[in-house]
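Read off the chains here:
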Amino acid sequence: MKILIIYSSATGNTKAVAEAIAKSLPGATLVAARDVTENPVGCDLVFVGFWAFRRGADLMAQRAMGHLHGQKIAVFGTCGAYPDSEAAQVYQRNAAAVPAGDNESLGTFMCQGRVHSYHIKSQHKMESTVQPMTPERQARLEEAEKHPDEQDFARAVVWAAEMVRKAQA
């Protein structure tokens, strides 16, 4: 089975998840989203990893997904939010909607990851209009700093194996 894993990563979170998935799938090819310039040929399954940006996938991951046609796709991402939160679900839904309709979407996966310091500083400047820095939000950001961790990688590997089974069905 020919498997391609495309990832975009600003802080290393998504790259680390992509590497964990690649390590679990012998023969899988790992490539940075910036290097995807055309539809890959002969793939049985394409994973696409993104970091959360403006309620969806980051722009580099979106660009890479725009090149995909006629593929079986599994989309995964990282964000500062808890993976089971409404925000994470929005990121997943919006990211999964990016690839063209001639692709087959097999599923999505989200895991928590540290937030880039630039975004935290930007949000502090706009906190009165966007999101106030509540104790709960501070706790979430502190927890995000610990991720992705070994449990996140293990969950990603289990999810990836399920995506392979779906692609083979």
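The model shown is predicted, which means the values in this text are computed figures rather than measured ones. Chains are numbered independently. Their residues run from 1 in the order of the written sequence. pLDDT decides what is reported in this predicted model: residues at 70 or higher carry local features, side-chain atom pairs at 80 or more are listed and counted, and totals for whole chains, interfaces and linings draw on all residues regardless. Only hydrogens and water are set aside; all other atoms, that is, all heavy atoms of the structure, feed into the side-chain values.

Engineer: Is there a simple way to explain the overall build of the chain in this structure?
Structural biologist: Secondary structure is summarised from DSSP: a helix means a run of H or I of at least four residues, a strand means a run of E of at least two, and numbering begins at the N terminus for each. Within the chain, the secondary structure is distributed over six helices and six strands. Helices and strands appear in the chain in the N-to-C order β-α-β-β-β-α-β-α-β-α-α-α. Accessible area is worked out with a 1.4 Å probe on protein chains only. A residue is then buried under 20% of its type maximum, exposed over 50%, and partly exposed in between. Classification of the 169 residues of the chain by burial places 46% in the buried group. Once local pairs closer than 6 in sequence are excluded, the contacts in the chain between residues at least 24 apart make up 82%. Two residues form a contact once any of their heavy atoms are found within 4.5 Å.

Engineer: Looking at this structure, I do not really get the packing of aromatic side chains. What am I missing?
Structural biologist: For any pair of aromatic rings, geometry is given as the distance between the ring centres together with the angle between the planes. Centre distance within 6.5 Å is the pairing criterion for rings of Phe, Tyr and Trp, where only the six-membered ring of Trp is used; planes under 30 degrees apart are then read as stacked, over 60 as edge-to-face, and the remainder as tilted. A full pass over the atoms with the stated rule returns four aromatic pairs. An angle of 70° between the planes, with centres 5.6 Å apart, marks the rings of Trp 51 and Phe 53 as edge-to-face. On the basis of relative accessible area, Phe 53 is assigned to the buried category, the value being 19%. Three or more aromatic residues link up through ring pairs in this structure, and these residues are Phe 47, Phe 76, Phe 109 and Trp 159.

Engineer: Please explain the pairing of strand E6 (residues 104–112) as it appears in this structure.
Structural biologist: Two faces, one strand: in a regular strand the side chains alternate between the faces of the sheet. The pairing criterion for strands is at least two bridges between them, as found by DSSP. Of the strand pairs in this sheet, strand E5 (residues 72–79) and E6 are connected by eight bridges, and their pairing is parallel. Bridge assignment links Cys 79 to a residue of E6, and that residue is Gln 112. If the strands point away from the viewer and the path from the first strand over the helix to the second runs clockwise, then the crossover is right-handed. Read from E5 through helix H3 (residues 86–96) to E6, the crossover connection turns out right-handed.

Engineer: For this particular structure, what's the right way to read the side chain of Ser 8?
Structural biologist: Tracing the chain through its elements places Ser 8 in the loop between strand E1 (3–7) and helix H1 (13–24). Owing to a relative accessible area of 7%, Ser 8 belongs among the buried residues under this scheme. For this analysis, a polar contact is any N or O atom pair within 3.5 Å, provided that within protein one partner can donate a hydrogen and the other can accept it, and provided that sequence-adjacent residues contribute only side-chain to side-chain pairs. Polar contacts involving the side chain of Ser 8 include one to the side chain of Asp 58, which spans 2.7 Å. Ignoring sequence-local partners within four residues, the contact set of Ser 8 consists of Thr 14, Ala 33, Gly 49, Phe 50, Trp 51, Asp 58, Met 60 and Ala 61.

Engineer: Is there a simple way to explain the packing of H1 against helix H6 (residues 150–168) in this structure?
Structural biologist: How two helices sit against one another is set out by the angle between their axes and by the gap between those axes. Packing of H1 against H6 brings their axes to within 9 Å, and their N-to-C directions diverge by 50°. The angle between H1 and H6 falls in the class oblique. Here the hand of the crossing between H1 and H6 comes out right-handed. The segment H1 lies against H6, with Ala 16, Val 17, Ala 20, Ile 21 and Ser 24 engaging Phe 153, Ala 156, Val 157, Trp 159 and Ala 160. Across the contact of H1 with H6, the residue classes tally to nine nonpolar, one polar and no charged. In this analysis an axis means a line fitted to C-alpha atoms, helices contributing only their contacting stretch, and an angle means the value between N-to-C directions, from 0 to 180 degrees. When an angle is under 35 degrees it counts as roughly parallel; over 145 it counts as roughly antiparallel; between 65 and 115 it counts as roughly perpendicular; any other value is oblique. Handedness of a helix crossing follows the sense of rotation of the near helix relative to the far helix, less than a right angle counterclockwise being left-handed and clockwise being right-handed. Basically, the charged four are Asp, Glu, Lys and Arg, the nonpolar ten are Ala, Val, Leu, Ile, Met, Phe, Trp, Tyr, Cys and Pro, and anything else, Gly included, counts as polar.

Engineer: What is the right way to read the pattern of salt bridges from this model?
Structural biologist: Oppositely charged side chains can pair when the atoms bearing their charge come close. A pairing counts as a salt bridge when a side-chain nitrogen of Lys or Arg comes within 4 Å of a carboxyl oxygen of Asp or Glu. Applying the stated criterion across every chain, the model contains two salt bridges. A salt bridge links Arg 155 to Asp 152, with the nearest nitrogen and oxygen atoms 3.7 Å apart. Within this pair, Arg 155 and its partner Asp 152 are both found in helix H6, separated by three residues, close to a single helical turn. Using a relative accessible area of 38% as the deciding quantity, one classes Arg 155 as partly exposed. With its nearest N and O atoms 3.1 Å apart, the salt bridge here joins Arg 165 to Glu 162. Taken together, the positions of Arg 165 and Glu 162, both in helix H6 and three residues apart, correspond to about one turn of that helix. Among the residues examined, Arg 165 registers a relative accessible area of 47% and is labelled partly exposed.

Engineer: Whenever I open this one, the nonpolar core confuses me. Can you help?
Structural biologist: Within soluble globular proteins, side chains that are nonpolar generally end up buried alongside one another. Residues belong to one nonpolar core when they are buried, are Ala, Val, Leu, Ile, Met, Phe, Trp, Tyr or Cys, and are joined through side-chain atoms within 4.5 Å. One finds Ile 5, Ile 21, Leu 45, Phe 47, Phe 76 and Trp 159 to be the most contacted residues of the largest nonpolar core, which totals 25 residues. Elements supplying a minimum of two residues to this core: E1, H1, strand E3 (45–53), E5, E6 and H6. At seven residues, H6 tops the list of elements feeding residues into this core. Contact partners of Ile 5, with chain neighbours within four places excluded, come to Ala 18, Ile 21, Ala 22, Ala 28, Thr 29, Leu 30, Val 31, Phe 47 and Phe 76.

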